[in-house]
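Each chain is listed here by its residues.
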Amino acid sequence: MLAEIRGLNEECGIFGIWGHTNAAQLTYYGLHALQHRGQEGAGIVSTDGEALRALKGEGMVSEVFTPEKLEQITGTAAIGHVRYATAGGSGIENVQPLLFNSTTGSLAISHNGNLVNATQLKGHLERQGSIFQTTSDTEVLAHLIKRSGYESFEEKAKNALSLLKGAFACLILTEEAMFVALDPNGLRPLSVGKMGDAWVVASETCAFDIVGAELVHSVEPGEFLIVNDDGMRKERFAYPEERSICTMEYVYFSRPDSDIDGINIHSARKRLGKQLAKEVHIEADVVTGVPDSSISAAIGFSEQSGIPYELGLIKNRYVGRTFIQPSQEMRERGVKMKLSPVRQVVKGKRVVMVDDSIVRGTTSRRIVALLKEAGATEVHVVISSPPIKNPCFYGIDISTSGELIAANNTVEEMREIIGADSLTFLSVDGMVQNIGRTDPGSKCGHCLACFTGEYPTNIYPDTVLPHEKEKVK
Ligand code: SF4
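The structure displayed is predicted, hence computed values, not measured ones. (Residues numbered from 1 in each chain as written. Predicted model: local features only at pLDDT ≥ 70, side-chain atom pairs only at ≥ 80, totals over all residues. Heavy atoms only, no water.)

Here's the deal with the packing of aromatic side chains
The test is simple: Pairing of aromatic side chains here covers Phe, Tyr and the six-membered ring of Trp, requires ring centres within 6.5 Å, and sorts the geometry by plane angle: under 30 degrees stacked, over 60 edge-to-face, intermediate tilted. Here a helix means four or more residues in a row that DSSP labels H or I, a strand means two or more in a row labelled E, and each is numbered from the N terminus. Any residue under 20% of the maximum accessible area for its type is buried, any over 50% is exposed, and the rest in between are partly exposed; the area is computed with a 1.4 Å probe on protein chains only. Think of it as a cone above the ring: NZ of Lys or CZ of Arg counts as a charge over the ring if it is within 6 Å of the ring centre and within 35 degrees of the ring normal.
The tally for this structure, following the rule as stated, stands at 8 aromatic pairs. Between F153 and F179 the ring centres are 5.1 Å apart and the planes differ by 35°, which places this aromatic pair in the tilted class. Of the two residues, F153 is situated in helix α7 (residues 153–162) and F179 in strand β8 (residues 178–182); the sequence distance between them amounts to 26 residues. The exposure class of F179 is buried, given its relative accessible area of 4%. Ring plane angle 40° and centroid distance 5.9 Å describe the contact between F168 and F237, whose orientation is recorded as tilted. Of the two residues, F168 is situated in the loop between α7 and β7 (169–173) and F237 in the loop between β13 (231–236) and β14 (245–246); the sequence distance between them amounts to 69 residues. For the pair formed by F168 and F237, the shared burial category is buried. An aromatic cluster is defined as three or more aromatic residues linked by ring pairs; in this entry it consists of Y28, Y29 and F65. Here K122 stacks its cationic end above the ring of F132, 4.9 Å away from the centre of that ring.

Have a look at this one:
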């Protein structure tokens, strides 16, 4: 995936395990499989039933952990986190799991998603005397748990979770248990698996494959799972609301070998590519996909259209993070270092270039130019999702529509900006119907807010930048 150069980033991935002597090592492997969900920081907190021990740092999983360091956090349970900083900014203090030591009981939290009422809750807690150590909205949950008037930890946690609004897939670890919760709309994916007697939980099922765990079920919206030495118990902290899983998980974020609610990501993307080929007719010689996330859709487009699929672009897998620079110029150079056209494939050809999304448009413009410089006579860009016109408040770093090319331009203007011979987006209906979810309602269980502007939760005033307010339906 080209997340780091295209400006569309998942916030986090989480992994947890209870009941295995190699808990920290297995969490390391789980986080490795979830690395695509966040590359800025990683952490593990483990417990041996006596205390919680943390190991975390900035950078990739392989940079943060060594076998020697993992030896220091022994125990039979652990939770982990990989992070891309959206809410709260970067800095080691914001790398999760957040660990809170207290004489009344320690706890650690891993959170994927973004709260839309964090500012309100934080203000309320600060007025009651809470002092925050981080700028991460996840810390709000810890303060709410500690300040809850309920007797047991379970009731405190359920009460605190019921006050959160927005997207949250959470793991909470104490010396006695691991708790699992998913927001009432189920905006982010979260699955439970089994590995012998051990329970595992992960943002994506690809993490189960790497540790050898079997999928048991997806966590339901509003569910609260208690995992301890007695097994797993299901409770609720909230009634489920209309299911609204992030559609971009299917289109772009999740790994092709992951399944979300029984739907394989590669197969869903292939169907999106097929549907695109039904929605547009293009005379062309080859179809190519922008690696890695668009390959599946490109194969689908090729199968449906009859235009042969070719490897027209390859990704240089060994470009280090050092090259990722924030400036526009360096962003564009980054594309050149990360992607190369296969000259013999595209030279003298009319090329269909399949991509999964367009955010700012700069990456698409650069890739079209690369293909043309390599001799492509025409480049037709087809996108396996609709135009992204609205900000996301649920953990994806598109927080203002000012940076979104589709919010400010027509499709024809976008085509002109990226220098393509034609530009086609998939329809909203075509996308929803072909992903294959069958939840009740016209949205079939999807969040479509960045495409349609219809947000599945309330959006609180402080969440929305002043100039975005009129866009939020
Ligand atoms: S607004 Fe878009 S990116 Fe954000 S959760 Fe909804 S579908 Fe996903």
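On we go from here.
Regarding the confidence of the model for the protein
For the record, the criterion: The predictor attaches a confidence to each residue, called pLDDT, with possible values from 0 through 100. Should any heavy atoms of two residues lie within 4.5 Å, those residues are counted as being in contact.
Confidence in the prediction of the protein, expressed as mean pLDDT, is 90, and 89% of residues score 70 or more. A low-confidence stretch, residues 321–326 (pLDDT under 50), is modelled with 11 contacts involving residues beyond four sequence positions or located in other chains. Note on residues 465–473: pLDDT under 50 across the span, and 22 contacts to partners over four residues away in sequence or across chains.

Here's the deal with the sheet that holds strand β5 (residues 98–100)
For clarity, the threshold we go by: A pair of strands is labelled paired if DSSP reports no fewer than 2 bridges between them. To get an axis, fit a line to the C-alpha atoms, keeping to the stretch in contact for a helix; angles then go from 0 to 180 degrees between the N-to-C directions.
A sheet is described by the order of its strands in space; here 6 strands give the open sequence β5-β6-β7-β8-β12-β13, paired in antiparallel fashion. Two strands in the sheet have a free side with no partner beyond their single neighbour: β5 and β13. Each strand of the sheet is rotated relative to its neighbour by a mean of 20°, with strand direction disregarded. For β5 and strand β6 (residues 107–112), the ladder comprises 3 bridges, and the chain directions are antiparallel. Within the sheet, the bridge partner assigned to L99 lies in β6 and is A108. On the sheet, helix α6 (residues 139–147) packs against β5, β6 and β7 and is oriented at approximately 140° with respect to β6. Docked against the sheet, α7 engages β6, β7, β8, β12 (223–228) and β13, running at close to 150° with respect to β12.

Considerations on the site of the ligand
For clarity, the cut-off: Residues are labelled near a given molecule or strand when at least one of their non-hydrogen atoms is within 4 Å of it. Residue polarity follows a fixed list, in which Ala, Val, Leu, Ile, Met, Phe, Trp, Tyr, Cys and Pro are nonpolar, Asp, Glu, Lys and Arg are charged, and the others, Gly among them, are polar.
In the region of the ligand, the neighbouring residues are C246, T247, M248, C392, Y394, I396, C447, A449 and C450. Those elements giving two or more residues to the shell around the ligand turn out to be α9 (247–253) and α18 (449–452). For the shell around the ligand, the class distribution of residues is 8 nonpolar, 1 polar and no charged.

Remarks on the UniProt feature "binding site: Mg(2+)" (unreviewed entry) in the protein
Rules: UniProt positions are given in the numbering used here, feature names are shortened, and annotations may be inferred rather than shown by experiment. Pairs of N or O atoms are called polar contacts if they sit within 3.5 Å, as long as, within protein, a hydrogen donor faces a hydrogen acceptor (for residues adjacent in sequence, only side-chain-to-side-chain pairs).
The sites that carry the UniProt feature "binding site: Mg(2+)" (unreviewed entry) are, in the present numbering, S293, D355 and D356. The annotated residues occupy 64 residues of the chain but converge on a single region, no pair of C-alpha atoms lying more than 7.9 Å apart. Considering the arrangement of structural elements, one finds D355 in strand β20 (residues 350–355). The buried category is assigned to D355, whose relative accessible area is 1%. Within polar-contact distance, the side chain of D355 engages the side chain of S294 at 3.0 Å. Structurally, D356 can be placed in the loop between β20 and α14 (362–373). A polar side-chain atom of D356 sits 2.5 Å from a polar atom in the side chain of S293.

What to know about the sheet that holds β20
A sheet is described by the order of its strands in space; here 4 strands give the open sequence β17-β20-β21-β22, paired in parallel fashion. Each edge of the open sheet carries a strand with a single partner, namely β17 (286–289) and β22 (422–425). Here the average twist between neighbouring strands, direction ignored, is 20°. Its contacts with the sheet put helix α16 (residues 411–418) on β21 (378–383) and β22, and the angle it makes with β22 is roughly 130°.

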